[in-house]
Amino acid sequence: MKIERKTKETDITVQIDLEGDGKADIETGIGFFDHMLEALAKHSRIDMFIRCKGDTHIDFHHSVEDVGIVLGEAFYKALFPVQNRERFGDALVVMDEAAVSCGIDLSNRPFLIYDLGLDGKVGEFDCELFEEFFRAFVFNARITCHLVKVRGKNRHHIAEASFKALAVALRRALRYDEKAGLPSTKGLL
């Protein structure tokens, strides 16, 4: 699924393959963000091509949020209507002293619980932008996501564990299950 979006602040192209191997070709102009997105691709096994030219001379906010929007839109269009998928997925990912839990529902009802307690910076990256990315992705993918820090102090470790936890939870929710059919008792997602 390929989505393009151009505004006065960003010019973004995202292409994903939900049935991929986790290949990543990502250039946002924000090194740490690229690193997090590469981890998301690798551990979800979703192939991702992402290009973002943004107004990073101002700050990283527009690029990070808009990549979340476009990646979420691509995910939604590639997945819905959900058919023959597990639907629910969860993971607890540890990275040294940090542990982050993620539970998701491919629900078509966007909701985010974000409780990572991240502030300050990782290098030049403002930690408040993690919430902006996750909110933009979750609401545009139309999934429910609970992302919670269990423990940890190192901001890099917490951030990386959060992206990997989302990735593993997505991989588990996307698992093909022929018997699942439409995975809802209401008959609609």
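Data block above holds the structure.
Presented here is a report on the structure given in the accompanying data block. All figures in this text were calculated on a predicted structure; none of them were measured in a lab. For every chain, the first residue of the written sequence is number 1, and numbering continues from 1 along that sequence. Side-chain atom pairs in this predicted model are given and counted only at pLDDT of 80 or more, local residue features only at pLDDT of at least 70, and totals for whole chains, interfaces and linings cover all residues. Water and hydrogen atoms play no part in the side-chain values, which are based on all heavy atoms of the structure.

## Here we look at the packing of aromatic side chains
For Phe, Tyr and Trp, rings pair up if their centres lie within 6.5 Å, where Trp contributes its six-membered ring, and each pair is then called stacked (planes under 30 degrees apart), edge-to-face (over 60) or tilted (otherwise). Taken as a whole, this structure holds 14 aromatic pairs when the rule is applied. On the numbers, 6.2 Å between centres and 25° between planes, the contact of Phe 33 with Phe 125 is stacked. In this pair, Phe 33 sits in helix H1 (residues 31-44) while Phe 125 sits in strand E9 (residues 125-126), placing the two residues 92 residues apart along the sequence. Each of the two residues, Phe 33 as well as Phe 125, counts as buried. Arranged with centres 6.1 Å apart and planes meeting at 70°, the rings of Phe 130 and Phe 163 form a pair that is edge-to-face. Pair noted here: Phe 130 is in helix H3 (residues 128-141) and Phe 163 is in helix H4 (residues 155-173), with a separation of 33 residues, a long-range link. The buried label goes to any residue with under 20% of its type's maximum accessible area, the exposed label to any with over 50%, and the partly exposed label to all in between, with areas taken from a 1.4 Å probe on protein chains only. A relative accessible area of 0% means that Phe 163 is categorised as buried. Helix and strand assignments come from DSSP, with helices taken as H or I runs of at least 4 residues and strands as E runs of at least 2, each series counted from the N terminus.

## Points about the sheet that holds strand E6 (residues 98-105)
Between any two strands, pairing holds if DSSP finds at least two bridges. Pairing in this open sheet of four strands is mixed, and the strands run E5-E6-E10-E7 from one edge to the other. This sheet does not close on itself; its edge strands, each paired only once, are strand E5 (88-95) and strand E7 (111-115). Taken over all neighbouring pairs, the strand axes of this sheet differ in orientation by 10° on average, direction set aside. Alignment of E7 against strand E10 (residues 144-151), held across five bridges, turns out to be parallel. Whenever a helix is involved, its axis is fitted only over the stretch in contact; in every case the axis is a line through C-alpha atoms, and angles between N-to-C directions fall within 0 to 180 degrees.

As far as function goes, none of this settles anything; it's purely spatial.
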